[in-house]
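Summary of structural features
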Amino acid sequence: MTVSVREVAALAGVSLGTVSNVLNRPEKVAPSTVERVQNAIAELGFVRNDSARQLRAGRSSTVGLVVLDGGNPFFTDVARGAEDAAMSKGLAVLIGNSDESTERERTYIDLFEERRVAGLLISPAGDDLERLVRLRDQGTAVVLVDRRADDEHFASVSVDDVAGGRIAVEHLVDIGRRRIAFVGGPFGIRQVADRHAGALGAVTAAGASLEVLQTSSLSVLEGRRIGEEIQRRPASERPDAVFAANDLIAVGLEQAFIMRGSVSVPDEIAIVGYDDIAFAEAAVVPLTSVRQPAQDLGRQAIELLVHQVEHGQDVELERVEFTPELVVRQSTVRDR
């Protein structure tokens with residue numbers, strides 16, 4: 001049975017108000033009374049209901065974070081950055097994984113709204129942000145993460161994915177590759193579409209070609225599936241380079257090529273990934289990748305969220321955009 005504040009007060013022989021003061025403002029209570037109340041709490045096994053207390057106060061010490069793919073180490077790093085920044089401000093982060101599903105995303109948004117979180121950080125699974133607009137209009141601070149806000153409703157922290165796609169393919173062109181494949185999907189994910197747009201701009205400027213091999217998710221298994229499809233082609237019909245929409249797909253491609261031993265990386269097909277997760281450097285052939293400052297994204301998102309919470313809806317909403325960086329390894333340049 002849950003022990004109530006009333007039971008603590010009765011055992012300690014004090015009023016309900018005194019117990020509340022001991023829990024929230026102990027400096028206002030005589031030390032001997034504090035000790036008596038604390039002894040009663042220990043004897044009864046009382047646990048305070050922070051959720052109820054926060055609802056009465058109209059605020060919460062928790063922040064919701066909805067990531068696009070909880071299995072992707074990139075989002076693990078984003079969450080770590082957010083947690084570190086939140087802890088320094090006395091906040092806790094509750095994490096939900098949409099798994100690239102708009103339905104799951106809505107479920108988490110509803111859950112966090114019911115819990116009256118102080119604010120929501122989210123990497124949206126699609127372009128329909130109407131639910132988030134309503135949430136913010138109702139007074140909950142919202143920050144888009146790894147996604148630039150296109151309108152006045154949201155603050156955001158993101159990376160310039162169009163630039164990231166461009167520098168990835170420019171590198172492939174610079175090392176002499178002309179038949180380039182873009183592997184990724186679904187294109188309803190804005191980051192995928194932006195990386196493809198950057199890649200397309202680079203091949204157009206260079207007079208190279210870009211084949212699109214779409215995946216159903218941004219996963220190792222999907223990368224492996226596409227890699228096996230490429231291997232079944234005659235060598236003359238294969239791309240000589242692949243730009244993968246993220247590192248998980250790139251790792252899957254490497255696995256398909258190297259485990260079967262039918263395609264040499266990078267001699268026959270060079271590979272560039274995106275995110276620069278820890279696995280990129282540790283891959284069988286260390287992976288060239290476009291680096292995103294994942295933890296910085298999480299930390300900056302918390303800063304923008306707290307700024308909104310402290311200053312209300314009239315605050316100017318910032319859109320912070322980081323510049324990606326290419327990290328070159330052996331999947332494109334053999335002698336490194």
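Residues numbered from 1 in each chain as written. Predicted model: local features only at pLDDT ≥ 70, side-chain atom pairs only at ≥ 80, totals over all residues. Heavy atoms only, no water.

**A look at the overall build of the chain**
When helices and strands are counted, the chain shows 13 helices and 12 strands. Relative to the compact-globule value of 20 Å for 336 residues, the chain shows a C-alpha radius of gyration of 25 Å, a clear excess of over 25%. Seen through its principal axes, the chain has C-alpha atoms that stretch 90 × 40 × 35 Å. Sequence-distant contacts in the chain: of pairs separated by 6 or more residues, those separated by 24 or more amount to 71%. As displayed, the chain offers around 15700 Å² of accessible surface, 48% of which is attributable to carbon and sulfur atoms. Side chains of the chain carry 37 positive and 51 negative charges; the gap between the two charge centres is 3 Å. (Helix = DSSP H or I, 4+ residues; strand = E, 2+ residues; numbered from the N terminus. Rg over C-alpha atoms; globule rule 2.2 N^0.38 Å. Contact = heavy atoms within 4.5 Å. Areas by Shrake-Rupley, 256 points an atom, 1.4 Å probe, with all protein chains shown as cover. Lys, Arg positive; Asp, Glu negative; His and termini not counted. Charge placed at Lys NZ, Arg CZ, Asp CG, Glu CD.)

**Overview of helix H11 (residues 247-260)**
Residue pairs spaced three or four apart in an α-helix point in one direction, given the helix's 3.6 residues per turn. Compared with an ideal rise of 1.5 Å per residue, which puts 14 residues at 20 Å, H11 spans 20 Å between its outermost C-alpha atoms and is within 8% of the ideal. In terms of burial, H11 is a largely internal element, 10 of the 14 residues being buried. Where H11 starts, the residue carrying a side-chain oxygen 3.3 Å from the main-chain nitrogen of leucine 248 turns out to be asparagine 246. Looking one or two places after H11, you find glycine 261, whose phi comes out positive at around 70°. (Expected span 1.5 Å × (residues − 1). Buried < 20%, exposed > 50% of the residue type's maximum accessible area, 1.4 Å probe, protein only. Polar contact = N/O pair within 3.5 Å; in protein donor to acceptor, adjacent residues only side chain to side chain.)

**Some thoughts on helix H1 (residues 5-12)**
Listed as buried for H1 are Val8, Ala9 and Ala12. Along H1, the residues classed as buried sweep out an arc of 100° about the axis, all on the same side. Facing away from the buried side of H1, by more than 90 degrees, are the exposed residues Arg6 and Ala10. On the buried face of H1, the contacting elements are helix H2 (16-24) and helix H3 (31-44). Phi turns positive, to about 70°, at glycine 13, one or two residues after H1. (Arc of directions from axis to C-beta.)

**Overview of the sheet that holds strand S4 (residues 141-145)**
An order of S2-S1-S3-S4-S5-S11 is seen for the 6 strands of this open sheet, with the pairing classed as parallel. Either end of the sheet is taken by a strand with one partner, and the two such strands are strand S2 (92-97) and strand S11 (319-322). The sheet shows a mean angle of 15° between the axes of neighbouring strands, taken without regard to direction. Direction of pairing for strand S1 (residues 62-67) relative to S2: parallel, over a ladder of 6 bridges. Among the inter-strand pairings, valine 67 is bridged to a residue of S2, identified as asparagine 97. Sheet contacts for helix H13 (residues 294-311): S1, strand S3 (119-122), S4, strand S5 (155-159) and S11; angle to S4, the most-contacted strand, approximately 160°. (Pairing = 2+ DSSP bridges. Axes fitted to C-alpha atoms, helices over the stretch in contact; angles between N-to-C directions.)

**Things to note about the pattern of salt bridges**
Going through the model one piece at a time under the given rule, you end up with 18 salt bridges. A salt bridge links arginine 80 to aspartate 84; its shortest N-O distance comes to 3.2 Å. Placement of the pair is arginine 80 and aspartate 84 together in helix H5 (residues 73-87), with a separation of 4 residues, close to one helical turn. Overall, arginine 80 belongs to the partly exposed group, its relative accessible area being 46%. Judged by its relative accessible area of 35%, aspartate 84 falls in the partly exposed class. Linking arginine 195 and aspartate 161 is a salt bridge whose minimum nitrogen-to-oxygen distance equals 3.2 Å. (Salt bridge = Lys/Arg side-chain N within 4 Å of Asp/Glu carboxyl O.)

**Brief notes about the packing of helix H6 (residues 102-114) against helix H7 (residues 130-137)**
Interhelical geometry of H6 versus H7 gives an angle of 10° and a closest axis separation of 11 Å. Here H6 is positioned roughly parallel relative to H7, judged by the angle of their axes. Contacts between H6 and H7 pair Ile109, Asp110 and Glu113 from the former with Arg131, Leu132 and Leu135 from the latter. Partitioned by chemical class, the residues of the contact of H6 with H7 number 3 nonpolar, no polar and 3 charged. (Parallel < 35°, antiparallel > 145°, perpendicular 65-115°, else oblique. Nonpolar A, V, L, I, M, F, W, Y, C, P; charged D, E, K, R; others polar.)

**What to know about the side chain of serine 98**
In this structure, serine 98 sits in the loop between S2 and H6. Residue class for serine 98 comes out buried when judged on its relative accessible area of 0%.

**Looking at the environment of arginine 190**
Mapped onto the elements, arginine 190 comes out in helix H9 (residues 190-206). It is 13 Å that separates the C-alpha atoms of arginine 190 and leucine 218, two residues lying 28 residues apart in sequence. Residue contacts for arginine 190: discarding those within four places in its chain leaves Asp127, Arg147, Arg148 and Asp150.

**Things to note about unusual backbone geometry**
Most peptide bonds take the trans configuration, and most residues that are not glycine carry a negative phi. Cis geometry is adopted by the peptide bond preceding proline 186, which originates at glycine 185 and carries an omega value of -5°. Within the fold, proline 186 resides in the loop between strand S6 (179-184) and H9. In this model, valine 265 is joined to proline 266 through a cis peptide bond whose omega is 5°. Checked against the element boundaries, proline 266 lands in the loop between H11 and strand S9 (270-275). The phi torsion at aspartate 275 lies on the positive side, around 120°, for a residue other than glycine. In this fold, aspartate 275 is placed in strand S9. The backbone of aspartate 276 sits at a positive phi, close to 55°, despite the residue not being glycine. In this fold, aspartate 276 is placed in the loop between S9 and helix H12 (278-282). Its relative accessible area of 14% is what places aspartate 276 among the buried residues.

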